Amino acid sequence: MGGTRPRSDRLTLVATSLGYFVVILATTVVNVALIRIGADLGAGVSALQWVVDAYNLAFAATLLTAGALGDRLGGRSVLAAGFGVFGAASLLSVAAPTAWALAVLQGIAGLGAAMLLPASLRVLSHSVTGTAERARSIAIWGGSGGAGIAVGPLAGGLLVGVAGWRAVFLLTGGLGLLGLTLTLLLRGPALRAPATGLDLGGQGLAMLASGALTFTLIEGGDLGWHSPAVAAAFLVAVGTAGAFLTVERTGHSPMLPLGLFRSTAFSATAAVGVLLNLGLYGQIFVQALYFERVRGYSPVLTGLTFLPMTLSVVAANLVAGRLVMRTGPRALVVTGLLVAASGLAALVTMGPATRYVAMVLPLVAVGGGWGLVVPPLNTALVGSVPAQRVGIAAGVFNAGRQVGGVVGVALFGSLLAQGSFVSGMRVALASAAVALVAASAIAWGFVDDRLEAEAPA
């Protein structure tokens, strides 16, 4: 009996970490394929932004409901469903005939990702006993997300260069089906929270608000900020966001429990997540286009340019996972944000003739800083809420992170359409650095150092 428990725990850790890895991999692996997708499918920058943001938008808009489903139905069932939806949509993307069809399929993959992320954290947090062991497991799980960030650009570049852009989706689809197989092998109780209704009205308003905001940011750069369609979309975004908050405040079973934000530690952790993804997802999108459009690099070479960032993310994840028990989350989060911000600030000087060697240290700083932040930030999240609220808290936290990523890609992409590409890129990278400095100030003042929430009185 004693010998089967460790094997079961290892399988749970592998399955849940694969869930986080593939969700984040899908947000970064496609960036270096964009030029080839555009050329093959006849898509411009705006359509390519939608290919990236359709996934992120569906992911962000449905994470809250997915987190509640995990609490209601049990994390393992939702984890399996998430792997299945994600894997199937990714494999269908291999045969997408147009950029808009690809965007729709990536939106469906985003729905699967929304189920995967909070369910994986819920399954892991309930399968590991003991504060120290749980913190270590969550650090590994968080590190797998960092690995997805790191591996994405490199793997995407190599796959596109060797087998074409469709191989990118073959990879993510295959990993999704592998995750489904592993999840079906898991054993253990399916812990559920008390049954509650699903907030379909709130879900609809959230999707409409986030979709309208994304349209505003993407098409504002393409159609012009004074375009009637852009102005109307902005008004829809503001109006539906207000209606969403009203529904969540007065509803019986809100998908966004506003009471979570009474915890300053949770609110701070969520805000840091938004700013982190806004800066760094936007940077990856902009930089991949820079290397291919401005420098004329091939997808393989573009992927290789991210190698310093890739290696530093992985190394920093390992360091962060070991240090979090000694230092607590706050110090690592603040340090990582400032290191990443310094790297982004240095990249602002990039131009058409900048030597790549001058970019290596800034890329190491960006990746190393990001790698230091992600594992302790997830630990801080778990420490800011009671154990029975981990699923929905993870949904809220990661919905915020994905909204940050959506806004980063949309906003920074629109900056590229204003004037020259290089000048827009510099403004985008400077904005990303400012966002991370602001996040570090929030983390220093408010992120909790506890590794586990206090039991409710």
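Residues numbered from 1 in each chain as written. Predicted model: local features only at pLDDT ≥ 70, side-chain atom pairs only at ≥ 80, totals over all residues. Heavy atoms only, no water.

Helix and strand content of the protein chain: 16 helices and 0 strands. With 457 residues in all, the protein chain has 58% of them scored as buried. A total of about 16,700 Å² of accessible surface is found on the protein chain, and carbon and sulfur atoms cover 70% of it. (Helix = DSSP H or I, 4+ residues; strand = E, 2+ residues; numbered from the N terminus. Buried < 20%, exposed > 50% of the residue type's maximum accessible area, 1.4 Å probe, protein only. Areas by Shrake-Rupley, 256 points an atom, 1.4 Å probe, with all protein chains shown as cover.)

The tally for this structure, following the rule as stated, stands at 10 aromatic pairs. Considering the side-chain rings of Tyr55 and Phe59, the 5.8 Å spacing of their centres and the 65 degrees angle between planes classify their relative orientation as edge-to-face. A residue pair is termed a helical-turn pair when its members lie 3 or 4 positions apart in one helix, as Tyr55 and Phe59 do in helix H3 (residues 45–73) at 4 residues. Note on accessibility: Tyr55 and Phe59 belong to one class, buried. Arranged with centres 6.3 Å apart and planes meeting at 65 degrees, the rings of Phe291 and Tyr356 form a pair that is edge-to-face. (Phe/Tyr/Trp six-rings, centres within 6.5 Å; stacked < 30°, edge-to-face > 60°.)

In this section: empty space enclosed by the protein. Here the structure, examined in full by the defined rule, presents 3 cavities of 30 Å³ or more. In this structure, the largest cavity is lined by Ala26, Val29, Val30, Phe86, Ser90, Gln106, Ala109, Val168, Phe169 and Thr172. Among the elements that make up the lining of the largest cavity, the one with the highest residue count is helix H7 (residues 166–184) (3 residues). (1 Å grid on protein atoms, 1.4 Å probe; cavity = no way out; pocket = protein on both sides within 12 Å on 5 of 7 lines; lining within 4 Å. Points joined across faces, edges and corners; volume = space filled by probe spheres on them.)

The volume enclosed by the largest pocket comes to roughly 670 Å³. Along its surface, the largest pocket is lined by 29 residues, and Ser210, Phe244, Ala399, Gly400 and Val403 are the ones closest to its centre. Mapped onto the lining of the largest pocket, the elements with two or more residues apiece are H3, helix H8 (200–223), helix H9 (228–250), helix H10 (264–294) and helix H15 (390–416). When grouped by side-chain class, the residues that make up the lining of the largest pocket number 25 nonpolar, 4 polar and no charged. (Nonpolar A, V, L, I, M, F, W, Y, C, P; charged D, E, K, R; others polar.)

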